[in-house]
Amino acid sequence: MAYDLLIKGGRIYDGSGLPSFLGDVAINQGRIVETGRINADADRVVDADGLAVSPGFIDFHTHLDAQLLWDPIATSSCFHGVTTVIPGNCGLALAPCKEQDQDSILRSFERVEAISLPALRAGVEWDWATFPQYLNRLRGRLGVNVAALMGHCALRQFVMGDAATERAATAAEISQMKEILKEGVRAGAIGFSTNQNPVHMFADGRPIPSRLATNEEIIELACALSEINKGVVQISRGSLGVSVPAVETVKLFEEISSKSGRPVIWQSIAHRWDKPNEWRELLNLAEESLAKGIQSYPLCNARLFNNRLTLKNAQVFDDLPTWKTLLFLPLEERIKAFRDPETRRKLRYEAVEEKKPSRFSRRWDLVYMIKAATPANKHLEKKSVAEIAKIRGQDVIDAFLDLSLEEGLDTEFQTSSTNGDEQAVAEIIRSPFVLVGQSDAGAHLIYDAGFGYATRLLGYWIREKKIMSLEEGVRKLTFMVASIFGLPDRGLVRPGMAADLVLFDPATVRECEPEMVSDLPGGEKRLIQKANGIEMTIVNGQVLVAKGEHTGALPGAVLGGGNGSSLQAAA
Ligand SMILES: [Zn+2]
């Protein structure tokens, strides 16, 4: 046979942004060998008539570090056409890690990424200490490709022990971290991630280790990457412009990139109700950095940030001190506090009257009751708290708290604090230098499921809202990501490139509503998300998913080193 796999008669969106064209794609030994009109035999021929054929999507912001150990195909990402995932974001990673720090490292994911601790404890079988060992643990057992970042929290904990959550690092500790980082990147990490988000903490309220890092420490670590001329820096400081003016923070991102010469990917540009024009200022600042030739790229999300919450388990109020304190109280005390009129006065002030910036929008017309815990309140489902308050003849805070109290704090609500203004979001997504995708796949398991950022972009924003061409959308999901993150043999449909492909129907592609399942280790719950219109996900020339079903193949590889020199064998 001439080829292993031949995809016939699709419309090829090659990832470059150039006009799409009708043609075939031939694959041998994991690589694309020809495109055009191909008349030859193949072991398998796929009819792609009516379908788009594009490079596989690269989900560059995931927290799948642990999930990949028990779920090598990275559900639900693979169902949305994702062929490569990047774990290790936001400073969090499972390596390097000494034996005595294992539980602390698991706990760093517990609240920040809202991954159930029992599931982590049941699912993570530690048989590594170093980052190269962690990558070896993944190799040969992957359905999707993995290009991993080294997390600053793990690095600090490894070098400093428990002092990592207490103080700045000494010069000696920083130089030790630099050596370990370089070793990891040489072995296949694609860079490092750090996180100074002021609300990122352990479940007991202690800060995660990377929050204690000074700017000098971060710049030093970035410069370790420049010594080997490899790797990117991913950085999150939380909601920009809350404690420090946004312009100062964006200048810091610029400084990290200009001093190290490495690409910086920073978080993020979004529309916020409390600062409705800030996104435009951030876009301008990003453009100024790039105009100077500095590789400092913002990212954005193609969807609303939905947050599900009950008063048993909620993080949306973390910026409001009284709310936050109450939500950390034992249940009995919490219920008592919610009943107390004086406490309610404070809660009302913070969540209705106060003007201080907060991730909670204070828009009670945007907080929806999605699931009643008692049949008596079923009729209130899908109504906003503002509407429910009118029906009950109460103010919003009394309505919200009383309803929850009546139902033992099990009433489920949903709200979105960011990306509510569609015009603003469309402009952010359209910007040619903003990366699209902040899926947080593998995280916030019971609050939200963001696996479908790519299908959202293709279905909602491109097909329905027509905010950009399909060619441009595909470029943003593929070539742009591969180029910035240093994966040079990914992200294009061209001879010589790795055969990571997705076949989708542009007329039907979209993300589905998240569904709650109990498929985590230990039977823990999480939200999953399926897709419509994704016909086939192909990884390194093998079909991983066809019509939403895993084929059983495990063709994924660990990519990396930041040089992407060659396709690394899965075995
Ligand atoms: Zn993250």
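1. Let's talk about the coordination of the zinc ion
In step 1: For the zinc ion, the protein coordination sphere consists of H61 (NE2), H63 (NE2) and C90 (SG), at 2.1 to 2.3 Å.
In step 2: Donor residues for the zinc ion sit on one chain with the sequence pattern H-x1-H-x26-C. Of this pair, H63 sits in the loop between β6 (57–59) and α1 (67–70) while C90 sits in the loop between β7 (82–85) and α2 (102–110); the two residues are 27 residues apart in sequence, bridging distant segments of the chain.
In step 3: Take H63: its relative accessible area is 1%, and that puts it in the buried class.

2. Quick word on the sheet that holds strand β16 (residues 412–416)
Hydrogen bonding along the main chain pairs the strands of a sheet, whether they run parallel or antiparallel.
In step 1: With antiparallel pairing, 3 strands are arranged side by side in an open sheet as β14-β16-β15. Only two strands of the sheet have a single neighbouring strand rather than two, namely β14 (306–309) and β15 (368–371). Averaged over all adjacent pairs, the angle separating strand axes in this sheet is 35°, with direction ignored.
In step 2: Examined bridge by bridge, β15 and β16 share 3 bridges and lie antiparallel to one another. In the strand pairing of β16, Y368 is matched with Q414.

3. Focus on the packing of aromatic side chains
In step 1: In the structure shown here, the tally under the stated rule is 16 aromatic pairs.
In step 2: With a centroid separation of 6.3 Å and an interplanar angle of 50°, the aromatic rings of F57 and F504 are classed as tilted. Linking F57 in strand β6 with F504 in strand β18 (residues 501–504), this pair joins segments that are 447 residues apart in sequence. Here the two residues F57 and F504 agree in accessibility, since each one is buried.
In step 3: By way of ring pairs, the aromatic residues F317, W323, F360, W364, F400 and F413 are connected into one cluster.
In step 4: The residue whose ring lies beneath K98 is F158, and the NZ or CZ to ring-centre distance is 4.9 Å.
In step 5: Over the face of the ring belonging to W273 we find R363, whose NZ or CZ atom lies 4.6 Å from the ring centre.

4. Digging into the packing of helix α5 (residues 152–160) against helix α7 (residues 215–228)
In step 1: Here α5 crosses α7 at 100°, and the two axes come no closer than 13 Å. By the angle class used here, α5 and α7 are roughly perpendicular. Taken together, the residues of α7 that come into contact with α5 (itself represented by H152, L155 and R156) are E217, I218 and L221.
In step 2: In terms of residue class, the contact of α5 with α7 is built from 3 nonpolar, 1 polar and 2 charged.

5. Examining the environment of G473
In step 1: Structurally, G473 can be placed in helix α17 (residues 470–477).
In step 2: C-alpha separation for the pair G473 and G151, spaced 322 residues apart in sequence, amounts to 29 Å.
In step 3: Those residues in contact with G473, other than ones at most four positions away along the chain, are L457, I462 and M468.

6. A word on the nonpolar core
In step 1: Ranked by size, the top nonpolar core spans 115 residues in total, and within it W266, I429 and F504 carry the most contacts.
In step 2: Setting aside chain neighbours within four positions, we find I429 in contact with C300, N301, A302, V436, L457, W461, I467, M468 and K476.
In step 3: Judged by nonpolar contacts, the second largest core, of 31 residues, contains A314, L347, L380 and A389.

7. Focus: the confidence of the model for the protein chain
Detailed reading of the predicted coordinates is not advisable wherever pLDDT is low.
In step 1: The predicted model of the protein chain averages 93 in pLDDT, with 98% of residues at 70 or higher.
In step 2: Low confidence marks residues 562–571, where pLDDT is under 50. Its contacts with residues over four positions away, or in another chain, come to 31 contacts.

8. Side note on the sheet that holds strand β11 (residues 232–236)
In step 1: Taken together, the 6 strands give an open sheet; going across it, the order is β9-β10-β11-β12-β13-β17, and neighbouring strands pair in parallel fashion. Of all strands in the sheet, those bounded by a partner on one side alone are β9 (150–151) and β17 (435–436).
In step 2: The pairing of β11 with strand β12 (residues 264–267) spans 4 bridges and is parallel. When the bridges of β12 are listed, V233 appears paired with V264.

9. Structural notes on helix α16 (residues 453–464)
In step 1: Across the 12 residues that make up α16, a large majority, 10, are buried.
In step 2: Taken together, the buried positions of α16 are occupied by Y453, A454, T455, R456, L457, L458, G459, Y460, W461 and I462.

Rules and cut-offs
Residues numbered from 1 in each chain as written. Predicted model: local features only at pLDDT ≥ 70, side-chain atom pairs only at ≥ 80, totals over all residues. Heavy atoms only, no water. Donors = N, O, S within 2.8 Å, 3.2 Å for Na, K, Ca; no water. Helix = DSSP H or I, 4+ residues; strand = E, 2+ residues; numbered from the N terminus. Buried < 20%, exposed > 50% of the residue type's maximum accessible area, 1.4 Å probe, protein only. Pairing = 2+ DSSP bridges. Axes fitted to C-alpha atoms, helices over the stretch in contact; angles between N-to-C directions. Phe/Tyr/Trp six-rings, centres within 6.5 Å; stacked < 30°, edge-to-face > 60°. Lys NZ or Arg CZ within 6 Å of the ring centre and 35° of its normal. Parallel < 35°, antiparallel > 145°, perpendicular 65-115°, else oblique. Contact = heavy atoms within 4.5 Å. Nonpolar A, V, L, I, M, F, W, Y, C, P; charged D, E, K, R; others polar. Core = buried A, V, L, I, M, F, W, Y, C linked by side-chain atoms within 4.5 Å. pLDDT = per-residue confidence, 0-100.

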